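# Chain and residue survey
The lines below spell out each chain.
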Amino acid sequence: MERVLRRLSIGFALAGGAIVLALIAMSLVSLVGRKLFAAPIPGDIELLQMLIAVAVTAFLPLCEMNDHHIRVDLVAGLFRPAVNRWLLAVSHVALAGIAALLAWRTALMAADSYSYGSISTMLGVPLWIPQFAMVPGLVLLVLNALYRGATSVRARRSDDGREVNP
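Presented here is a report on the structure given in the accompanying data block. Keep in mind that what you see is a predicted model, and the values were worked out from it rather than measured.

This part is about helix α1 (residues 2–37). With 36 residues, α1 extends 51 Å between its outermost C-alpha atoms, agreeing within 8% with the 52 Å of an ideal straight helix rising 1.5 Å per residue. Residues of α1 that are buried: L5, S9, A13, G16, L23, M26, S30 and G33. Among the residues trailing α1, A38 stands out with phi positive, at a value near 55°.

A cluster of nonpolar side chains, namely I70, V72, L74, V75, L78, F79 and L87, defines an oily patch on the protein surface of about 800 Å² accessible area. Looking at the secondary structure, you find F79 in the loop between α2 (44–65) and α3 (81–116). A relative accessible area of 38% places F79 in the partly exposed class.

Another point: the pattern of salt bridges. This model, assessed by the stated rule, comprises three salt bridges. Linking E2 and R6 is a salt bridge whose minimum nitrogen-to-oxygen distance equals 3.0 Å. Pair noted here: E2 and R6 are both in helix α1, with a separation of four residues, about one helical turn. By relative accessible area, E2 is classed as partly exposed at 27%. The exposure class assigned to R6 is partly exposed, which follows from its relative accessible area of 25%. With a shortest N-O distance of 3.4 Å, R34 and D44 are connected by a salt bridge. Taken together, the positions of R34 in helix α1 and D44 in helix α2 put the pair 10 residues apart, joining distant regions of the chain. With a relative accessible area of 9%, D44 lands in the buried category.

Calculation notes
Residues numbered from 1 in each chain as written. Predicted model: local features only at pLDDT ≥ 70, side-chain atom pairs only at ≥ 80, totals over all residues. Heavy atoms only, no water. Helix = DSSP H or I, 4+ residues; strand = E, 2+ residues; numbered from the N terminus. Expected span 1.5 Å × (residues − 1). Buried < 20%, exposed > 50% of the residue type's maximum accessible area, 1.4 Å probe, protein only. Patch = residues over 30% accessible without salt bridge, like charges linked within 9 Å, V, L, I, M, F, W, Y side chains within 5 Å. Areas by Shrake-Rupley, 256 points an atom, 1.4 Å probe, with all protein chains shown as cover. Salt bridge = Lys/Arg side-chain N within 4 Å of Asp/Glu carboxyl O.

Note that all results are geometric; they support no functional claim without further evidence.
Structural data, given as structure tokens:
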């Protein structure tokens, strides 16, 4: 199961990275066109806003799979390792719940945008397309968080703080 989730997460992150690289190239071309030729790419900021949200949701599953979210361990030193593992499991499951809520609401927002025919201001891009493109990343985040929650209960920590599954 971990292998499939990890490969999917890497694929999503690579797609998100490709989106970010394309946005950087577009922004650079638009900036040079604006400053040197007074001819920017029309709607560049609009595209940037829509696609960066898609890229961010594509990065989140790999972040969760590698357990690289920001964590503040204010009280972790006060508890035994078993208690800390349970607290970590609860945090992963809580993340899964929040991500599920976000996926559900984002899918509903995309459905509403589709039914109302909502389009972007400058380019006329149907808004449901980038909105719906965020949903698979959020769903994969839910799956990864549930998996990490289940495995963190039985995981042990090595000397460098990384999880080592028994």
